[in-house]
Every structure is written in structure tokens, then in C-alpha cells.
Amino acid sequence: KHVGCSKSAQGSTYFCIAHGGGRRCKYAQCHKSARGPTGFCKAHGGGRRCEFPGCSKCAADNSSLCRGHGGGKRCHELGCHKTVRGPQTRCAEHNKSVAKTAAKPAAASKHVI
């Protein structure tokens, strides 16, 4: 186990994937984790591939398509079809607009006496 790491060990090693555990990509000079039965990382052809004809990118999330062809999570804002990264529910543009709105102080009311 790596000091200070609480992640589970992978395969027959004592380390998590981030600290060298599990299978590594078979491509020369690549030290990323292998995906699926191929023995390669996503960048070198491992994992699920996009099913769109002629596309060789990796499939996103629990989809059979890459992000460019409609796979992966989508923004929850009405009318927006952009992709969402990480645990957010909105695209980067809508995350920024929500953050700006939340950061603005409430306008002082103008009462004339």
C-alpha cells in the first residue's frame, strides 16, 4: 500500500491503479492503466470504442458513443446539448453562469422616505 492512500489494491499488487496497481498499457513507454480485455489504455485503443461508423474514439461513460457523437452525460439546462464533465449536472458554460449569479451580492433596495 502507498502511504496515505485509502483506495483499494488492484490485481495481484498491493497498490491502487493511481499508484501502479492493476494492469498497465502494453504500448511502448506508456504507463497508464489498461482498459478492458485489450491490454491497452484508452489513448492506445483499449476500452469500449464509439459505435458511430468510421469513429475510433473511446465511448463515453455508460454510452456506446463518444462525446462528439452524443455519448456521455449532457447539460441539464433547457435547450443545451453540451457535454458535462465530472460530477456536475451542467456544462462548463452554464456552471460559470450559475457561479457568477451565486457570487453577486443582493442589490440594496432603494427606499425613498
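One can find the structure itself at the top, above this paragraph.
Caption draft 1: Structural context of the overall build of the protein. When helices and strands are tallied, the protein shows one helix and zero strands. Expressed as a percentage of contacts within the protein between residues at least 6 apart in sequence, the contacts between residues at least 24 apart total 0%. Counting every atom, the protein has about 8,800 Å² of accessible surface; 56% of that belongs to carbon and sulfur.

Caption draft 2: Unusual backbone geometry, seen in detail. Backbone geometry at Gln-29 places phi at a positive 65°, although glycine is not the residue there. Structurally, Gln-29 is set in the segment before α1 (92-103). What makes Gln-29 exposed here is its relative accessible area of 74%. One non-glycine residue with positive phi stands out, namely Asp-61, at about 50°. With respect to the helices, strands and loops of the structure, Asp-61 is situated in the segment before α1. With a relative accessible area of 37%, Asp-61 lands in the partly exposed category.

Caption draft 3: Highlighting the environment of Gln-88. The residue Gln-88 is located in the segment before α1 in this model. Look at Gln-88 and you get partly exposed, because its relative accessible area is 34%. Residues Gln-88 and Arg-74, spaced 14 residues apart in sequence, show a C-alpha to C-alpha distance of 9.8 Å. Beyond its immediate chain neighbours, meaning those up to four positions away, Gln-88 contacts Lys-73 and Asn-95.

Caption draft 4: Expanded view of the state of the cysteines. One pass over the full model with this rule turns up zero disulfides. Free cysteine Cys-50: the closest other cysteine sulfur is in Cys-66, separated by 3.8 Å. Its relative accessible area of 6% is what places Cys-50 among the buried residues. No disulfide involves Cys-91; its sulfur sits 3.9 Å from that of Cys-80, the nearest cysteine. What makes Cys-91 buried here is its relative accessible area of 2%.

Cut-off values and rules
Residues numbered from 1 in each chain as written. Predicted model: local features only at pLDDT ≥ 70, side-chain atom pairs only at ≥ 80, totals over all residues. Heavy atoms only, no water. Helix = DSSP H or I, 4+ residues; strand = E, 2+ residues; numbered from the N terminus. Contact = heavy atoms within 4.5 Å. Areas by Shrake-Rupley, 256 points an atom, 1.4 Å probe, with all protein chains shown as cover. Buried < 20%, exposed > 50% of the residue type's maximum accessible area, 1.4 Å probe, protein only. Disulfide = S-S within 2.5 Å.

Scope: geometric values only; no functional claims are made or implied.
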